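# Understanding the architecture of this molecule
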Amino acid sequence: MADDRTTIERPDQEVAGGHTTRREILKKAGAGTLLIVYGGAVTKTSAAGVPQFRGRELAGTLRIIQWSHFVPAYDKWFDNVYVKRWGQANDTEVIVDHINQADIPARAAAEVAAQSGHDIFFFLSPPAAYEDQVIDHANIVEEISKKRGKMKPVALKATYNAKTKKYFAFSDNYAPDPVNYRTDLWGEAGLKPTTWDNVLKAAPKLRAMGHPIGVGMSNEIDSNMALMAMMMCFGSFIQNKEQRVVLNSKETVAVLKFARELFRQGMSNEIFAWTAASNNQAMLAGKLSMTMNAISITRSAELSNPDLASKIDLMPIPKGPHGRFGLEHVMGAYVIWKFAKNKAAAQKFLVDLETKYIGAFENSKFYNFPSWPSAVPNITRRVERDPVAKPAGKYKVLAEIADKYTLNPGWPGNTNAAIDEIFNKFMIPQMFAEVAQGKRSPEEAAKVYDRSFRGIFQKWRNLGKI
Amino acid sequence: MPLTRRSKLVTYLVVGPFAIVLAFPFYWMLQTSLKTELDLYNTENVPFGFANGSPTLDNYRFLFSDTQYAHWLLNTVLVGLAVVVITLVIALPAGYALARLSGRWGQSLGVGLFLVYLVPPTLLFLPLSRVIAELGLQDRLASLIVVYPGFTIPFATWLLMGFFKSIPRELEDAALVDGASRLGTLVRIVFPISVPGILTVIIFTFSLCVNEFVYAIAFITASDSKVISTGIYTELIRGDVFYWGALMAATLIPSIPLALLYNTFLDRFIAGFTGGAFR
Amino acid sequence: MEAAAMPRRRRRDLLEERRFLAPALIAPAVVFVGLLVGAPLALSVYLSLTNATAGSLTGDFVGLDNFSHLWSDPNFRTALRNTVVFTLLANAIVVVGAAILSHFLVRDFRGKWFLRFLILLPWAAPVALSTIGFLWIFDSLFSVVNWTLVHLSLVDKFNPPQWLGEPNKALAAITTVHAWRLLPFATVIMIAGLASIPKEVDDAAKVDGATGLRKLWFVTLPLQLPIATIAVLFGIVFTATDMAVVYILTRGGPFNSTQMLPMWAFQTGIQAGSLGPGAAIALFLLPVLAVVTVLMLLFARRVEVT
């Protein structure tokens, strides 16, 4: 991430898409004397980026914004290698800006309000609420499908609105969400986290050893994902295929009871305090015996504590009474705004990115799984041969998880604006935490949250989005 | 007035603990910023000590060589200074006019301006975002320079109004009699006496600018135009991985010189406030 | 000014004219603030009356529906209650702390400069960053507070207090951070208040034999009151409209028990895309705060004048 002046070229004088110089803009701002000071500073820093296209006419400018990837090397590759090459081949100046993942919604809202900003905007979850503001991404999907076959159902259901028949986003990747568990500790307990039953059985022993289970019930993304997946394993769903709320069920009561038991017997109060980083840190500190997260934990451990890394193994989500159902951990979702200035280049960029996804797959250290499986040949063999994995072949299971146990939030229905709202207001962790702490009975919680989810669904139904 | 030994002791016993509590987080940032990740994530280690390769300056090195931290600092200072200038240019005449030239409605207007602080920035950034785009300032530092005075001018005007009221009218009248114009009097007589008030405005304005972050997130994503709050969030919190050591270093670095600066000018700041807020 | 085209003579006369000069000097401030705060505020009010979604600045008019629906949302009620609690508690701590601290900081003693520097630090640190420091201090596993308590044998090593994971403790933690960051500024303002007490009052008090606590209670505190009002005013504004502290520490958790209005407005209006309801939440306290502010400002000035 050495130099994230992520432009192929950002000429000193040109503002993307306009013909105003920075100096003029500052004059407009009336910054007066400060202009001179600032002008100097700009010249100095801009000199660092030498334009590669000097003397050539650029066909256009493409502006992309995406999160700062948890693997810094991915950003380096994307900004400095991939985008550069693509820009040269397509005679386009590509500017990539990065933003903290948590700041994405604020910036997206600001761009929509301004009706101006980047051509391609990256979300980390399906942005159903923005449907009216984006183009239909069907062309991109079609184009890629011509070359790479079928899109993965998880990506399809997360980005397609069945009611309006519109692709409100384009998913290039998703991250599978495996169980991370400590082989040494579970070995001592004499069990494996293959079923939720086993987890509950092992939990008291593991906690007594000082290594509790860590399934979060806090206002953060990992808790959201783990709990929603656990619900599905018990046959509890927020909505059905027809996008009607079906939360109030005996299965929901069962999963809430189970989670309460798991908390009482095998977890500690920490799970209510967590940020998205907490389960990573608790695993890295060697405290937790099990948690659910994408591969950021093992990847960090490989860098800072290889010994510990070799004791953490990955598995598919434990099986519940209803079966084994997992969720994606994050869903990469690009949108092209209706007000984007360079829609053509934007579409081509996304098609090209997905069609040859190997670079992205490898540079993300297998974090980004392609939404078109055949966009990366031999996925299983590639993950199996991960050079740093200890024990060797550790990441092979990711391919299996991606294939069989990765669904979209809101499954069996499509991900929609109501699911998104429930997700962003952390209402699932709230429901679980209230039951775990004894604030509500499982029965009452199922009823209360069913009612409030219906309200949210009704609101979006009235807006014609469900 | 020299203090007796007893009251000296009492002073230390009261001020000391306050200082310790208030400054502790900064000591803690320093401690954390000098640690390796391995040391940090080892619960067996004594957090007040060092182990596993600590202490190290790696986090600081990382900030300055692998991120554009220095650049973000500079941007923050530039925005702060530019906003200070704009604020003074607009608030000085307004404060004077409200103090001297207008009657009761001036008072009400002063209070009215103050209400600006109540408007929550949580959503206000949306309409403003439109304004910024219309002006062609998206992703430019200038966007912040234009927006911030919206909430620095009111306080500045209000404070300066009070300050000008405290200046004896006779001084001005004498100059006016000598044939100076009102504006001339303002520039040559009134403003120089008002230095403490102006200083108060400068410090207050600057600290508001450094603290703001909602607009900074919404308006600027280009890495070389970011200010510290937003730049650090982008580079040092990656998904679910926090770079704690570097985060702490990044907080510590601007805080210390700013606190030194505030402390140096504190007596004048206080004088400015005394003059301004209560006349 | 913009009257540059006018003949010199006339321009000067106009500028001497009070009726003209005052508005001319005030206008830029009013225009600036009106455009940058007034207009967007008006638009926010409009949005709160619509069903606008996800960043869109238009929507269908729904009247006061967004406001009336708020009441049926328990999370909103929690947020409202917490906003009031945070604000009152933090400011109570700040006022008492600042009153004590300012009383001693007007004295002269060795090492004062350094102690004052330490005390000013929280004011100098950008809040979005210093709160990250607290996130680390209150961490669920690496909390230095818990480490200390464990080693003093005050808490259980295996289930230490979760400062951000239990409703009451999380409320306390958030209040602490607010108080911590507001205390330096309030202290400075209070020192200004002490400095504004005329020397004669001090002398008169001495003649009357008022010393120590009696003097503090009957002479100093009443005179400090107006300036304390200003400190509280800023304190209220900075707590009630701030989102950073809660956003970074708990995001409203555990189970949305530390929600507060700006945060809930942001989650509803920006993150969840229900802009209309979000705007209603954001604006909910505005009238109350406005009344409080006007009263306090009038009080501060009135006390001074008489």
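Residues numbered from 1 in each chain as written. Chains lettered and ligands numbered in written order. Predicted model: local features only at pLDDT ≥ 70, side-chain atom pairs only at ≥ 80, totals over all residues.

Helix and strand content of chain A: 20 helices and twelve strands. Considering chain A as a whole, with its 466 residues, one finds that 61% of them fall into the buried category. At a minimum sequence separation of 6, the contacts of chain A that also span at least 24 residues come to 76%. (Helix = DSSP H or I, 4+ residues; strand = E, 2+ residues; numbered from the N terminus. Buried ≥ 20, exposed ≤ 12 C-beta atoms within 10 Å, placed from the backbone. Contact = placed C-beta atoms within 7 Å.)

Here the focus is the overall build of chain C. Each helix and strand in chain C was counted, giving 14 helices and zero strands. The secondary structure elements of chain C, listed N-terminal to C-terminal, are α-α-α-α-α-α-α-α-α-α-α-α-α-α. Here the contacts in chain C between residues at least 6 apart in sequence split such that 68% fall between residues at least 24 apart.

Residues and elements named next belong to chain A. Ordered in space as β2-β1-β3-β11-β6-β12, the six strands form an open sheet in which the pairing is mixed. Only two strands of the sheet have a single neighbouring strand rather than two, namely β2 (92–99) and β12 (369–370). Relative to β2, strand β1 (residues 60–67) runs parallel, the two being bridged by eight bridges. Each bridged residue has a counterpart across the sheet, and for W67 the counterpart in β2 is I99. (Pairing = 2+ DSSP bridges.)

You can see A:L308 is positioned in helix α13 (residues 306–309). In the structure, A:L308 is positioned 24 residues away from A:L284 in sequence and 7.5 Å away in space, judged by C-alpha atoms.

What follows deals with the interface of chain B and chain C. Counting residues at the interface gives 77 residues for chain B, matched by 81 residues for chain C. With 13 residues, the top contributor of residues to the side of chain B that touches chain C is helix α1 (residues 5–33) of chain B. When its residues are assigned to classes, the side of chain B that touches chain C shows 59 nonpolar, 15 polar and three charged. (Nonpolar A, V, L, I, M, F, W, Y, C, P; charged D, E, K, R; others polar.)

Turning next to the confidence of the model for chain C. Residues and elements named next belong to chain C. When pLDDT is averaged across chain C, the result is 81; 88% of the residues are at 70 or more. Every residue in residues 1–7 is under pLDDT 50, and counting partners more than four places away or in other chains gives four contacts. Among the prediction metrics, the complex's ipTM stands at 0.85, with pTM recorded as 0.84. (pLDDT = per-residue confidence, 0-100.)

Here the focus is the sheet that holds strand β7 (residues 179–182) of chain A. Within a sheet, each strand pairs with its neighbour through backbone hydrogen bonds, oriented either parallel or antiparallel. All names here are of chain A. Pairing in this open sheet of four strands is mixed, and the strands run β8-β9-β7-β10 from one edge to the other. Edge positions in the sheet fall to β8 (213–214) and β10 (312–315), since each has one partner strand and no second. In terms of strand pairing, β8 meets strand β9 (residues 290–292) through two bridges, oriented parallel. Its bridge partner being in β9, G214 is matched across the sheet by T291.

Every contact between the two is made by 27 residues of chain C and, on the other side, 36 residues of chain A. Classifying every residue of the side of chain C that touches chain A gives nine nonpolar, 16 polar and two charged.

So, on to the packing of helix α5 (residues 112–124) of chain C against helix α8 (residues 167–195) of chain C. Residue and element names in this part refer to chain C. It is at 7 Å that the axes of α5 and α8 come closest, and there the two elements cross at 120°. Classified by the angle their axes make, α5 and α8 are oblique. Taken as a pair, α5 and α8 cross one another with a handedness that is left-handed. Here I119, L120, P122 and W123 of α5 lie close against α8, whose contacting residues are W180, R181, L183, P184, F185 and T187. (Axes fitted to C-alpha atoms, helices over the stretch in contact; angles between N-to-C directions. Parallel < 35°, antiparallel > 145°, perpendicular 65-115°, else oblique. Left-handed = near helix turned anticlockwise from the far one by under 90°.)

All names here are of chain A. The interhelical angle for the contact between helix α9 (residues 221–233) and helix α19 (residues 427–436), taken along N-to-C directions, is 70°, at an axis separation of 8 Å. Classified by the interaxial angle, the pair formed by α9 and α19 is roughly perpendicular. Judged by residue contacts, S223, N224, L227 and M228 of α9 engage I428, P429 and F432 from α19. Taken together, the residues that form the contact of α9 with α19 break down as five nonpolar, two polar and no charged.

Let us look at the confidence of the model for chain A. Mean pLDDT for chain A: 84, with 87% of residues reaching 70 or above. The low-confidence segment residues 1–57 of chain A, where pLDDT is below 50, has 79 contacts with residues more than four positions distant or belonging to other chains.

With that out of the way, let us pick up the pairing of strand β6 (residues 170–176) of chain A. Residue and element names in this part refer to chain A. Counted residue by residue, β6 has seven buried out of seven residues, so it is predominantly covered. In the sheet, β6 pairs with β12 via two bridges, with the strands oriented antiparallel. Its bridge partner being in β12, Y174 is matched across the sheet by F369.

Right, let's get into the environment of C:G235. All names here are of chain C. Structurally, G235 can be placed in helix α10 (residues 212–240). Owing to 26 C-beta atoms within 10 Å, G235 belongs among the buried residues under this scheme. Separated by 79 residues in the primary sequence, G235 and D156 have C-alpha atoms spaced 36 Å apart. Other than its neighbours up to four places away in sequence, G235 contacts A90, N91, V94, L182 and A186.

Our focus in this paragraph is helix α13 (residues 228–236) of chain B. Counting buried positions along α13(B) yields nine of nine residues, so the element is predominantly enclosed. Turning to α13(B), the residues buried within the fold contact β2 of chain A, α4 (69–101), α12 (214–219), β1 (237–238) and α14 (244–264) of chain B together with α6 (127–137) of chain C.

The next point concerns the environment of A:S441. Looking at the secondary structure, you find A:S441 in the loop between α19 and α20 (442–462). For the pair A:S441 and A:R299, spaced 142 residues apart in sequence, the C-alpha separation works out to 39 Å.

This part covers unusual backbone geometry. Working note: non-glycine residues mostly have negative phi, and peptide bonds are mostly trans. Cis geometry marks the peptide bond from A:K390 to A:P391; its omega dihedral reads -5°. With respect to the helices, strands and loops of the structure, A:P391 is situated in the loop between α16 (379–384) and α17 (396–404). Residues A:W411 and A:P412 are joined by a peptide bond in cis, for which omega reads 10°. Secondary-structure assignment places A:P412 in the loop between α17 and α18 (417–424). Even without a glycine there, the phi angle at B:D139 is positive, about 65°. Locating B:D139 in the fold gives a position in the loop between α6 (121–134) and α7 (141–147).

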